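# Working through the structure, step by step
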Amino acid sequence: MTMRHGPRFLALVAMLLALAFVGTAQADNHGHQQPQMVKVTQSPHSFPATLAAFEREASEAGWSILNRNNMAGTLSERGFTIDPVVILDVCSGRYSAQILEKDAYRPVSAFMPCRVSIYQDSQGDVFISRMNVPDFLPMMPEGVAEVMEKSSDEIEAIIERAIAE
(Lines give C-alpha, C1' and ligand atoms only; values in the text may rest on other atoms or scores of the structure.)
Protein backbone atom coordinates (compact mmCIF):
# COMPACT_ATOMS: atom_id res chain seq x y z
CA MET A 1 0.00 0.00 0.00
CA THR A 2 1.49 3.32 -1.05
CA MET A 3 0.48 6.50 0.73
CA ARG A 4 1.10 9.95 -0.70
CA HIS A 5 1.26 13.03 1.43
CA GLY A 6 1.80 16.64 0.51
CA PRO A 7 4.95 18.50 1.50
CA ARG A 8 3.16 20.47 4.24
CA PHE A 9 1.96 17.29 5.92
CA LEU A 10 5.42 15.72 5.73
CA ALA A 11 6.92 18.91 7.14
CA LEU A 12 4.47 18.73 10.06
CA VAL A 13 5.41 15.13 10.83
CA ALA A 14 9.13 15.94 10.60
CA MET A 15 8.75 18.99 12.83
CA LEU A 16 6.80 17.14 15.50
CA LEU A 17 9.32 14.31 15.54
CA ALA A 18 12.19 16.78 15.83
CA LEU A 19 10.45 18.66 18.64
CA ALA A 20 9.83 15.41 20.49
CA PHE A 21 13.59 15.02 20.81
CA VAL A 22 14.36 18.66 21.48
CA GLY A 23 12.07 19.07 24.49
CA THR A 24 10.72 22.46 25.36
CA ALA A 25 11.06 25.19 22.80
CA GLN A 26 14.19 27.30 23.18
CA ALA A 27 15.85 29.98 21.12
CA ASP A 28 18.31 28.49 18.67
CA ASN A 29 21.87 29.67 18.19
CA HIS A 30 20.80 32.32 15.70
CA GLY A 31 18.30 34.00 17.99
CA HIS A 32 15.23 32.58 16.22
CA GLN A 33 12.39 31.17 18.27
CA GLN A 34 11.06 27.67 17.60
CA PRO A 35 7.33 27.12 17.83
CA GLN A 36 6.25 26.70 21.43
CA MET A 37 5.22 23.08 21.83
CA VAL A 38 2.79 23.57 24.69
CA LYS A 39 0.59 26.21 26.22
CA VAL A 40 0.40 26.33 29.99
CA THR A 41 -2.26 28.09 32.03
CA GLN A 42 -2.09 28.42 35.79
CA SER A 43 -5.24 27.60 37.71
CA PRO A 44 -6.21 29.56 40.82
CA HIS A 45 -7.88 26.42 42.19
CA SER A 46 -6.64 23.26 43.88
CA PHE A 47 -5.63 20.27 41.81
CA PRO A 48 -8.84 18.28 42.50
CA ALA A 49 -11.05 21.32 41.87
CA THR A 50 -9.26 22.13 38.59
CA LEU A 51 -9.50 18.55 37.38
CA ALA A 52 -13.20 18.32 38.25
CA ALA A 53 -13.96 21.70 36.66
CA PHE A 54 -12.16 20.83 33.44
CA GLU A 55 -13.92 17.47 33.15
CA ARG A 56 -17.30 19.09 33.84
CA GLU A 57 -16.75 21.92 31.33
CA ALA A 58 -15.52 19.48 28.67
CA SER A 59 -18.60 17.31 29.14
CA GLU A 60 -20.96 20.29 29.03
CA ALA A 61 -19.30 21.41 25.77
CA GLY A 62 -19.99 17.99 24.23
CA TRP A 63 -16.46 16.60 24.53
CA SER A 64 -15.73 13.08 25.79
CA ILE A 65 -12.99 12.07 28.21
CA LEU A 66 -11.69 8.90 26.58
CA ASN A 67 -8.92 8.19 29.08
CA ARG A 68 -7.84 9.55 32.41
CA ASN A 69 -4.17 8.76 33.02
CA ASN A 70 -3.22 9.28 36.66
CA MET A 71 0.53 9.42 36.21
CA ALA A 72 1.28 10.01 39.90
CA GLY A 73 -0.78 6.95 40.81
CA THR A 74 0.79 4.77 38.13
CA LEU A 75 4.31 5.81 39.11
CA SER A 76 3.50 5.38 42.80
CA GLU A 77 2.71 1.72 42.09
CA ARG A 78 6.24 1.46 40.69
CA GLY A 79 7.88 3.05 43.72
CA PHE A 80 8.12 6.68 42.56
CA THR A 81 6.62 9.65 44.34
CA ILE A 82 5.67 12.66 42.22
CA ASP A 83 3.27 15.55 42.54
CA PRO A 84 -0.19 15.01 41.00
CA VAL A 85 -0.34 14.72 37.21
CA VAL A 86 -3.43 13.59 35.30
CA ILE A 87 -3.35 13.43 31.52
CA LEU A 88 -6.76 13.48 29.87
CA ASP A 89 -7.49 12.23 26.37
CA VAL A 90 -10.36 14.43 25.21
CA CYS A 91 -12.32 14.03 22.01
CA SER A 92 -15.01 15.86 20.10
CA GLY A 93 -16.68 13.56 17.60
CA ARG A 94 -17.62 16.44 15.33
CA TYR A 95 -13.95 17.37 14.87
CA SER A 96 -12.49 13.85 14.89
CA ALA A 97 -14.89 12.68 12.21
CA GLN A 98 -13.89 15.54 9.91
CA ILE A 99 -10.28 14.39 10.02
CA LEU A 100 -10.77 10.63 10.12
CA GLU A 101 -13.30 10.48 7.28
CA LYS A 102 -10.61 11.45 4.74
CA ASP A 103 -7.89 8.94 3.90
CA ALA A 104 -5.38 11.74 3.24
CA TYR A 105 -5.90 13.13 6.77
CA ARG A 106 -5.85 9.85 8.71
CA PRO A 107 -2.10 9.92 9.44
CA VAL A 108 -2.86 12.91 11.68
CA SER A 109 -4.68 10.43 13.92
CA ALA A 110 -1.28 9.87 15.56
CA PHE A 111 -1.93 13.20 17.31
CA MET A 112 -5.47 12.33 18.33
CA PRO A 113 -7.26 12.56 20.65
CA CYS A 114 -6.43 15.94 22.13
CA ARG A 115 -4.42 15.63 25.31
CA VAL A 116 -4.72 17.96 28.25
CA SER A 117 -2.50 17.62 31.30
CA ILE A 118 -3.49 18.95 34.69
CA TYR A 119 -0.67 18.94 37.19
CA GLN A 120 0.57 20.37 40.44
CA ASP A 121 4.17 21.50 40.81
CA SER A 122 6.40 21.10 43.86
CA GLN A 123 5.27 24.51 45.19
CA GLY A 124 1.62 23.45 45.09
CA ASP A 125 0.67 25.55 42.05
CA VAL A 126 -1.74 23.94 39.59
CA PHE A 127 -1.43 24.17 35.81
CA ILE A 128 -3.22 23.02 32.68
CA SER A 129 -1.04 22.25 29.66
CA ARG A 130 -1.88 21.23 26.11
CA MET A 131 -0.42 21.29 22.61
CA ASN A 132 0.03 24.82 21.29
CA VAL A 133 -2.00 24.14 18.15
CA PRO A 134 -1.84 27.67 16.64
CA ASP A 135 1.96 27.47 16.30
CA PHE A 136 1.63 24.25 14.28
CA LEU A 137 -1.26 25.25 11.99
CA PRO A 138 0.98 26.54 9.16
CA MET A 139 2.56 23.08 8.88
CA MET A 140 -0.75 21.23 8.58
CA PRO A 141 -2.74 20.46 5.44
CA GLU A 142 -5.35 23.20 4.98
CA GLY A 143 -8.38 21.05 5.80
CA VAL A 144 -6.75 19.61 8.92
CA ALA A 145 -5.58 23.06 10.02
CA GLU A 146 -9.13 24.41 9.85
CA VAL A 147 -10.49 21.58 11.99
CA MET A 148 -7.59 21.73 14.44
CA GLU A 149 -7.99 25.49 14.87
CA LYS A 150 -11.70 25.16 15.73
CA SER A 151 -10.96 22.27 18.07
CA SER A 152 -8.18 24.22 19.78
CA ASP A 153 -10.41 27.26 20.20
CA GLU A 154 -12.98 25.09 21.99
CA ILE A 155 -10.38 23.55 24.29
CA GLU A 156 -9.14 27.06 25.17
CA ALA A 157 -12.71 28.12 26.00
CA ILE A 158 -13.21 25.01 28.16
CA ILE A 159 -10.00 25.79 30.07
CA GLU A 160 -11.00 29.42 30.57
CA ARG A 161 -14.40 28.40 31.98
CA ALA A 162 -12.78 25.74 34.20
CA ILE A 163 -10.38 28.17 35.86
CA ALA A 164 -13.00 30.94 36.15
CA GLU A 165 -15.29 28.86 38.36
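Here's a quick rundown of the structure. (Residues numbered from 1 in each chain as written. Predicted model: local features only at pLDDT ≥ 70, side-chain atom pairs only at ≥ 80, totals over all residues. Heavy atoms only, no water.)

The next point concerns the sheet that holds strand β1 (residues 38-43). Strand order in the open sheet formed by 5 strands is β1-β5-β4-β3-β2, and the pairing between neighbours is antiparallel. Both edges of this open sheet fall to β1 and β2 (64-70), since each of them pairs with a single strand only. Across the sheet, the mean angle separating the axes of adjacent strands is 20° when strand polarity is ignored. Judged from the 6 bridges that link them, strand β3 (residues 85-91) and strand β4 (residues 114-120) form a sheet pairing that is antiparallel. Opposite Leu-88, over in β4, you have Val-116 as the bridge partner. (Pairing = 2+ DSSP bridges. Helix = DSSP H or I, 4+ residues; strand = E, 2+ residues; numbered from the N terminus. Axes fitted to C-alpha atoms, helices over the stretch in contact; angles between N-to-C directions.)

Our focus in this paragraph is the nonpolar core. Core analysis: the biggest nonpolar cluster contains 31 residues, and Phe-54 and Ile-118 have the highest contact counts within it. Residue assignment for this core shows that the elements contributing at least two residues are α2 (47-60), β3, α4 (93-100), β4, β5 (126-131), α5 (133-136) and α6 (142-164). Among the elements that line this core, the one with the most residues is α6, at 9 residues. (Core = buried A, V, L, I, M, F, W, Y, C linked by side-chain atoms within 4.5 Å. Buried < 20%, exposed > 50% of the residue type's maximum accessible area, 1.4 Å probe, protein only.)

Further remarks concern the layout of surface pockets. Counted as a void, the largest pocket has a volume near 720 Å³. Forming the walls of the largest pocket are 31 residues, and the residues nearest its centre are Phe-111, Pro-113, Cys-114, Arg-115 and Met-131. Residue assignment for the lining of the largest pocket shows that the elements contributing at least two residues are α1 (7-22), β3, α4, β4, β5, α5 and α6. Among the residues making up the lining of the largest pocket, the classes are represented as 23 nonpolar, 6 polar and 2 charged. (1 Å grid on protein atoms, 1.4 Å probe; cavity = no way out; pocket = protein on both sides within 12 Å on 5 of 7 lines; lining within 4 Å. Points joined across faces, edges and corners; volume = space filled by probe spheres on them. Nonpolar A, V, L, I, M, F, W, Y, C, P; charged D, E, K, R; others polar.)

Turning our eyes to something else, we now look at the pattern of salt bridges. Across all of its chains, the model carries 7 salt bridges by this definition. Between Arg-161 and Glu-57 there is a salt bridge, with its nearest N and O atoms 2.9 Å apart. Of this pair, Arg-161 sits in helix α6 while Glu-57 sits in helix α2; the two residues are 104 residues apart in sequence, bridging distant segments of the chain. Look at Arg-161 and you get partly exposed, because its relative accessible area is 38%. Residue Glu-57 is classed as buried on the basis of its relative accessible area, which comes to 9%. Of the charged contacts, one joins Arg-115 and Asp-89 as a salt bridge, the two residues approaching to 2.7 Å between their closest N and O atoms. Taken together, the residues span a long stretch of sequence, with Arg-115 in strand β4 and Asp-89 in strand β3 at a distance of 26 residues. (Salt bridge = Lys/Arg side-chain N within 4 Å of Asp/Glu carboxyl O.)

Glancing now at the pairing of β5. Counting buried residues in β5 gives 5 out of 6 residues, a clear majority hidden from the surface. Inspection of the sheet shows β1 paired to β5 by 6 bridges, in the antiparallel sense. Bridge pairing in β5 links Gln-42 to Phe-127. Taken together, the 5 bridges between β4 and β5 define a ladder with antiparallel strand orientation. The partner of Val-116 across the bridge, within β5, is Arg-130.

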